[in-house]
Amino acid sequence: MMTENRTYLLDFEKPLVELEARINQIRELAEENNVDVSDQIRQLEARAVQLRQEIFSGLSPGQRLQLARHPRRPSTLDYIQAISDEWMELHGDRGGSDDPALVGGVGRLGGRSVVMLGHQKGRDTKDNIARNFGQASPGGYRKALRLMEHADRFGMPILTFIDTPGAWAGVEAEKLGQGEAIAYNLRELFRFDVPIICTVIGEGGSGGALGIGVGDRLLMFEHAVYTVATPEACAAILWRDAAKAPEAAAALKMTASDLKELGIIDQILSEPVGGAHSDPLTAASILKDALLQNLETLTQMSAGQRRDLRYQKFRSIGAFTELSA
């Protein structure tokens, strides 16, 4: 169930929470003493609205990363349950594995049959351990491929939701063919005939994100991040100091606005002021509207046009012009 939880507080949210606590305290004292302070309350509430807008309109890349990792941020299953008319989760890769870090199934969106799948993080430590912190195993990517092949066979659009720090990097994952599983998914995603829309809903990290991230459209929530490596890993590699993660976050150009400017993503989805976790149902409504609008456009194209669009989109990423001295 998608509900707000104020027990987890980010550093940059503290001034706002303190102001809201002060408003509540004044309101309670006024009621106890039968004093009319409605004008003062209105002024403070207006200031709280202004402060919230100021804070969340000027976030640094590192602060956006904190929001993307917020434990109350809506997950793949939250969004699927909120936006779908019907939904049935399917399990297993038909090879002996059912990875809980990557979930998927069939459903209906706006009256249209679709396949939806994505990374699934946990809500608390116990749940995160069970979900492996949203880091999918080779079996997870093979399960995703099985579902996507099912979608392509029966003409159902594919909707993927990206939210992972990266694929599971354990020794066992390498033994089971992690790199091969992701690479195979990348190849197969380029050949599917059906519309494919990928959305970064939280943290999009490295090949773990790319394994379900090749599509005709790539959408991204305003406070989500999408990067080749986590800032902590990048800082450890470049400076051998994970404490320099904020500098790495800025250098990685991983925010939605940076990636839109670079032509990597196609559309930025706005979030409620305060982040998606502050009003999950509104965030879900924004996501649903964007998916339906893009599906309407993509379904009017032929399968060949969509494949060409997909190919050209990813061929153009990373292109640059070298200027002579």
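Scroll up for the structure.
Residues numbered from 1 in each chain as written. Predicted model: local features only at pLDDT ≥ 70, side-chain atom pairs only at ≥ 80, totals over all residues. Heavy atoms only, no water.

Engineer: What's the story with the overall build of the chain in this structure? I'm lost.
Structural biologist: A tally of helices and strands in the chain yields 14 helices and 8 strands. The C-alpha radius of gyration computed for the chain amounts to 21 Å, which stays within 12% of the reference 20 Å derived for 325 residues, consistent with globular compactness. With respect to the three principal axes, the spread of C-alpha positions in the chain is 70 × 55 × 45 Å. Each of the 325 residues in the chain was classed as buried or not, and the buried ones make up 47%. Each charge sign in the chain was given a centre, from 36 positive and 44 negative side chains, and these centres are 5 Å apart. (Helix = DSSP H or I, 4+ residues; strand = E, 2+ residues; numbered from the N terminus. Rg over C-alpha atoms; globule rule 2.2 N^0.38 Å. Buried < 20%, exposed > 50% of the residue type's maximum accessible area, 1.4 Å probe, protein only. Lys, Arg positive; Asp, Glu negative; His and termini not counted. Charge placed at Lys NZ, Arg CZ, Asp CG, Glu CD.)

Engineer: Would you mind showing me how to read the packing of aromatic side chains here?
Structural biologist: Given two aromatic rings, one states the distance between the centres and the angle between the planes to describe the pair. Considering all chains together, one arrives at 2 aromatic pairs under this definition. Measuring from ring centre to ring centre gives 5.6 Å for Phe-190 and Phe-314, while their planes differ by 85°; the resulting arrangement is edge-to-face. Residue Phe-190 is found in helix H8 (residues 178–191), and its partner Phe-314 is found in helix H14 (residues 303–315); the two are separated by 124 residues along the sequence. Using a relative accessible area of 28% as the deciding quantity, one classes Phe-190 as partly exposed. For Phe-314, a relative accessible area of 21% translates into the label partly exposed. Lys-313 extends its terminal NZ or CZ atom over the ring of Phe-314, reaching a point 5.8 Å from the ring centre. (Phe/Tyr/Trp six-rings, centres within 6.5 Å; stacked < 30°, edge-to-face > 60°. Lys NZ or Arg CZ within 6 Å of the ring centre and 35° of its normal.)

Engineer: Explain the environment of His-91 to me, please; I cannot follow it from the model alone.
Structural biologist: Within the secondary structure, His-91 sits in the loop between strand S1 (86–89) and strand S2 (102–109). Take His-91: its relative accessible area is 44%, and that puts it in the partly exposed class. When the C-alpha positions of His-91 and Leu-147 are compared, they lie 9.3 Å apart, and in sequence the two are 56 residues distant. What His-91 contacts, discounting residues up to four positions off in sequence, is Asp-98, Lys-143 and Arg-146. (Contact = heavy atoms within 4.5 Å.)

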